[in-house]
Structures are given as C-alpha cells and as structure tokens.
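As a plain string of letters, each chain reads:
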Amino acid sequence: MTSMVQTTDLTGQMLIAGKPVRGTGTEIRGIDPQNSAALEPAYAYGDGTHVEAACAAAAEAFAAYRGAPIETRARFLEAIASNLESISDALVDRAHAESGLPRPRLTGEVGRTAGQLRLFAGVLREGSWNEARIDPAIPDRTPLPRPDIRQRSVPLGPVAVFGASNFPLAFSVAGGDTASALAAGCPVVVKAHDAHPGTSELVGRAITDAVAACGLPAGTFSLLYGYGPELGTALVTDPRIKAVGFTGSRGGGMALMAAAAGRREPIPVYAEMSAINPVFLLPGALASHGADLGRAFVGSLTLGSGQFCTNPGLVIAVDGPELDAFLAAAGEAVAASAPAAMLTPGIADSFRTGVEALEKEAVLVARGSDADAPAVSCRAALFTSDAPTFLGSEALQAEVFGASGVVIRCADAAEMLRVAANVEGQLTATIHADESDHDQAGDLLEVLELKAGRILFNGWPTGVEVGHAMVHGGPFPSTSDSRTTSVGARAIERFLRPVCYQDAPKSLLPSAVADGNPDGLWRRIDGQLTKD
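Model, not experiment: these values are computed from the prediction.

## A look at the overall build of the protein
Within the protein, the regular secondary structure consists of 15 helices and 25 strands. In summary, the protein has a C-alpha radius of gyration of 25 Å against a globular reference of 24 Å for 532 residues, a match within 12%. Dimensions of the protein, computed from C-alpha atoms along their principal axes, come out at roughly 75 × 65 × 40 Å. By residue count, 56% of the 532 residues in the protein fall in the buried class. Considering only residue pairs separated by 6 or more positions, the protein has 76% of its internal contacts joining residues 24 or more positions apart. A total of about 20800 Å² of accessible surface is found on the protein, and carbon and sulfur atoms cover 53% of it. The average position of the 41 basic charges and that of the 59 acidic charges among the side chains of the protein differ by 8 Å.

## A look at the packing of helix α3 (residues 88-99) against helix α4 (residues 103-126)
Each pair of packed helices can be summarised by the angle the axes make with each other and by the distance between the axes. At their nearest, the axes of α3 and α4 sit 9 Å apart, and the two run at 130° to each other. Classified by the interaxial angle, the pair formed by α3 and α4 is oblique. Relative to α4, α3 is oriented so that their crossing is right-handed. Every residue of α4 that contacts α3 at Ser-88, Leu-91, Val-92, Asp-93, Ala-95, His-96 and Ser-99 is listed here: Arg-103, Leu-106, Thr-107 and Val-110. Tallied by class, the residues present in the contact of α3 with α4 amount to 5 nonpolar, 4 polar and 2 charged.

## Some details on the packing of aromatic side chains
Summed over all chains, the structure comprises 8 aromatic pairs. With centroids separated by 6.1 Å and ring planes inclined at 85°, the aromatic side chains of Tyr-65 and Phe-76 adopt a geometry described as edge-to-face. Pair noted here: Tyr-65 is in helix α1 (residues 48-67) and Phe-76 is in helix α2 (residues 70-86), with a separation of 11 residues, a long-range link. Taken as a pair, Tyr-65 and Phe-76 share a single burial class, namely buried. Here Phe-297 and Phe-326 contribute two aromatic rings whose centre-to-centre distance is 5.9 Å and whose plane-to-plane angle is 35°, an arrangement assigned as tilted. Highlighted residues: Phe-297 in helix α9 (residues 283-302) and Phe-326 in helix α10 (residues 321-336), separated in sequence by 29 residues. Above the face of the Tyr-65 ring, Arg-73 is positioned so that its terminal group lies 5.8 Å from the ring centre. The ring centre of Phe-167 lies 4.6 Å from the NZ or CZ of Arg-105, which sits over that ring.

## Topic: the domain arrangement of the protein
Here the domain parsing of the protein yields domain 1 (14-273 + 484-494) and domain 2 (278-457). Relative placement of domain 1 and domain 2: their C-alpha centres are 33 Å apart. With 16 residues of domain 1 at the interface, the matching set in domain 2 holds 15 residues. For the domain 1 and domain 2 pair, buried surface summed over both sides reaches about 1200 Å², with 60% attributable to carbon and sulfur atoms. When the area that domain 1 buries against domain 2 is broken down by residue, the three leading residues are Pro-33, Asn-166 and Glu-272, summing to 34%.

## What to know about the sheet that holds strand β19 (residues 381-386)
With mixed pairing, 7 strands are arranged side by side in an open sheet as β17-β19-β20-β15-β14-β21-β22. This sheet does not close on itself; its edge strands, each paired only once, are β17 (363-367) and β22 (452-457). If you compare each strand with its neighbour and ignore which way they point, the axes differ by 20° on average. The sheet contact formed by strand β21 (residues 426-432) and β22 spans 5 bridges and is parallel.

## Re the pattern of salt bridges
Between side chains of opposite charge, pairing is possible as soon as their charged atoms come close. Throughout the structure, instances matching the rule amount to 28 salt bridges. With its nearest N and O atoms 2.7 Å apart, the salt bridge here joins Arg-125 to Glu-78. Taken together, the positions of Arg-125 in helix α4 and Glu-78 in helix α2 put the pair 47 residues apart, joining distant regions of the chain. Its relative accessible area of 38% is what places Arg-125 among the partly exposed residues. Note that Arg-146 is salt-bridged to Asp-526, the shortest N-O span being 3.1 Å. Of the two residues, Arg-146 sits in the loop between β7 (133-135) and β8 (149-155) while Asp-526 sits in the loop between β24 (523-525) and β25 (528-530), which places them 380 residues apart along the sequence. Look at Asp-526 and you get partly exposed, because its relative accessible area is 45%. Via salt bridges that share partners, Glu-71, Arg-75, Glu-78 and Arg-125 belong to a single interconnected network.

## Quick look at helix α15 (residues 438-448)
Looking only at α15, the buried set comprises Gln-440, Ala-441, Leu-444 and Leu-448. One side of α15 carries all its buried residues, which in axial view fall inside an arc of 100°. Away from the buried face of α15 by more than 90 degrees, exposed residues Asp-439 and Glu-446 are located. Contacts made by the buried residues of α15 are with β14 (278-281), α9, α14 (413-422), β21 and β22.

About the criteria used
Residues numbered from 1 in each chain as written. Predicted model: local features only at pLDDT ≥ 70, side-chain atom pairs only at ≥ 80, totals over all residues. Heavy atoms only, no water. Helix = DSSP H or I, 4+ residues; strand = E, 2+ residues; numbered from the N terminus. Rg over C-alpha atoms; globule rule 2.2 N^0.38 Å. Buried < 20%, exposed > 50% of the residue type's maximum accessible area, 1.4 Å probe, protein only. Contact = heavy atoms within 4.5 Å. Areas by Shrake-Rupley, 256 points an atom, 1.4 Å probe, with all protein chains shown as cover. Lys, Arg positive; Asp, Glu negative; His and termini not counted. Charge placed at Lys NZ, Arg CZ, Asp CG, Glu CD. Axes fitted to C-alpha atoms, helices over the stretch in contact; angles between N-to-C directions. Parallel < 35°, antiparallel > 145°, perpendicular 65-115°, else oblique. Left-handed = near helix turned anticlockwise from the far one by under 90°. Nonpolar A, V, L, I, M, F, W, Y, C, P; charged D, E, K, R; others polar. Phe/Tyr/Trp six-rings, centres within 6.5 Å; stacked < 30°, edge-to-face > 60°. Lys NZ or Arg CZ within 6 Å of the ring centre and 35° of its normal. Domains from an automatic or database assignment. Buried area = accessible area lost by both parts, 1.4 Å probe. Pairing = 2+ DSSP bridges. Salt bridge = Lys/Arg side-chain N within 4 Å of Asp/Glu carboxyl O. Arc of directions from axis to C-beta.

The structure is reproduced here in structure tokens:
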C-alpha cells in the first residue's frame, strides 16, 4: 500500500484529526537566519479549545489504533516514510529557509527520519517489544500451586510530542518520539516548534495523508501550534495524554515535568535537556597526535554551529606541553572558522549570553571570524581553565548551546577522575586513548558509566546512529529518565507498560501470549527464551 502527499503548498493551518484548522491567537512566521526575513505564511497559535479537540480525537482513536494489526501499524510507518521522501526537495528547501542548516545536512535528515520510521516498522514485525512471558501453571506444586501467569506489553495511550529546534525533521513532527510512540500503538499530538512552522506543516500533512491511506482513525495524529507555557502546559496536563516526549532546554523540560507531576494522575515525561558531553584526552593519545585531535575537536565543536545536543563542549586533560600542542591547533582552527547561522534569534542571543558568562570564569584561547556573518549567527569560542576553578563554577559546567568549548587543565590523572566524578549527567562521554592508556581508560570507564548514556572511544560525539544498540539518553539533566533512550529501537519501550494475565481463559488471551504462539514470537516460557 502506498500513499502520496497531494500538494506542498503551505496553508498556515494546524491539523487536528485530519482537518486543517486555523488558530485564533498570536501569529508567528518562520525566520530566515541568513537575513532575518519573515517567511510566509503566518501561523496563528492555537488555544485550549484546540488542545481539547486534538486530545479528544486521540483518546477516541486509541482503542482502534492500538487494536490494529501489527502489519497495519508497520505499513503506516512505512507510508509516512515514503510520503516524506516524495516531498524531499520541498522539505529541504523550506527547512533550509527556516533554519539556515545546509541543504546536504537536511537531505540527510530526510533520510534519517524515513529510516527511523522504517526501523520501527521492522521492530514491530520482529515482535520482541511485546516482552512476551509465560509461567505455566503448576497445580500440584506444594505447599501452594502456581497459577498460569502470562505477560505482554501494551501501549500507554495518547502521547504529546514537542518538536525540537535543532533537528527540523529527525527530532520534530515525524521524529524519533513520534515514530516510537506510533509504533507502540499510541496516537500522537505534536506541538510544532516555532522555529520551523512551515516544515512542520509539510511533515504533518505527510503523516495525515498516511493515516487516511492506511484506514486508521483520524485522531491517530494531530499537529498544533502554540505558546509553550500555555498551549504546551495545557497539552501535558490534559487527562487523556498519558506520556510526553520532549527535546529542548533544561528550563522547558523541567517546566513540563513539573506540570506532569502536578496532575491528578502524574505521567512520565521523557525529556532530553542539557549536556556538555565531556571529552577526556589521555596522555598517550595526546602525545602521539595531540595537534590532530585539536583540529578534529574543533570540527565536531563547530559542526552545525554547535547546535547539537551531543556537541563536545568540555575537554579534560593533564596539563603539559602535549596539551599546549592540542590547544594551539584547536585555537588556530577556531580562529579560522567562519561565522555560521544559528537556528533562531533567541538561540543566538542565548549563545552570546553564555559566552559572556564563560569569559568571566575562564581564559579565552580563540574566537572565530566575524566576517560576512549571517544575520542570526555565532562565532565559535574556545576557553581554558583549571580543574579547581571548573569544579567550583556553575557557569563552566552549564551548557552553552552553540560552538563554544572549555578545555580543563588537570594536575594529574587523579584530578581528571575527580572532574569526571563531579560533572553532571551527560548524553555522551568520550575517551581518546592509545594502548598505553588503557589502564587509565579503564578507571575512567567505571566512573563514566554512571555519568553518560553513550561512551565513545577515539571518536567524536556529534552524529547519532539510529539502530538497535544506540542509547541517546543519560542521567539528569541530560534526560529526565536515565533508563531510556530517545534514539534507536529501544525508544519504543518508553510508551509501553507490562500487563500480567493470571489464569485467563484461553479464548481471551492476547495472541502474543496465546498457546501455540500464533504470532511466531520469541517468548520467555518458564524463564527460557524459545519460539515453541
């Protein structure tokens, strides 16, 4: 089955259960970061009545959508992917105009978005997400018989998803949160990000067309525009919403967490928020190729204007001539870097404020060029400080969203470990080590396992592979729940919960745990994994 998006003309409307709806509130437009030009059309904010309509439609759709055959849900995800690919040129053009991100990067993001939708279609068909378990009855067990106990996973219910600023496609309307929630069997209500309203509409219509083509309930998907503290809070506190996916600032994530916790029925908020992604340079690696590491570090630091949640904002190493060589090469690379567009004027203002705070706490090594800067832009900045100053400074440990980094000089390996033990929770931590460094790397690894969701060796953290083994998560404040990931196959687990059936009549058992294994799943029977 295939579906096609009929048109790419923008209307400036929300999409509520398949119907275009014009908002009634404040009007916003996308802003071109290259020249600060406002883009047409205007999008009017929605209000509580639109939240009510979208959540009511999602609740009404839930029973039918979660009950749809797995193959139907899988084909639905694939239809969304095909729809996005069919309008790739229009998506890339609009996303480039709204974000300033390079077209090749955005073309890759279309592919990544389609790829993760297809990944979850495969996850559905493979079936281990059911976590099917059967403990057969033992009626003659003494002193008490064991009942027949079976377990599978079921979807939580409608999910609210908040689009991210820095990935107009892969972390937004049809991004990983939406894909994994839809895969789990949960209808989705998305709040579009103000930074890319036109891109959001195009993607929203691609999903809406797939809903209709696959014969699914219209309330399976809705797209809203609105002021976060009002419409976003109304969405999270609507009693029909059962979970939240969010990528953004620590302040925004914490506000949603507080709103969700204050409900009569608190719900989980899976928020990816803040990280500085420390990089540890061990002595052998630093001595053998410190200058090369300096240049490669700046390449990762400045990629996408530093607007990646895995941007390496912190480097830790033992002080000495080898670190000086690293800093010299990194400083030259920063000084040669061109100013780059940032996503929004507000993000650019926050970057400048963050750099000013770093200037008060650390020593400036280099700044990027300011020649021919786009209207909304940043100049890369590199600083250095020592470990005692870092450990006593909130400013040096705070994320500055953009291309700024701090290199921490440590007296010895023990001080590096103290820094590692005292950083906040992170999405990533990176170790550069030669074979001679492996003992020290082992000591670091024990600490970093408690600090980060992904630990890299001899690489750079920007770039997150979408697959079965990836973890894009970590201890607070990198995320609100360190037990989960927002990228990769296991992201579906956030929107599922286990249900146990005890002595249920055979005729009423769900197929995932029915006798004879009609779905052909791997199941754990009496503790043993089997397809029998």
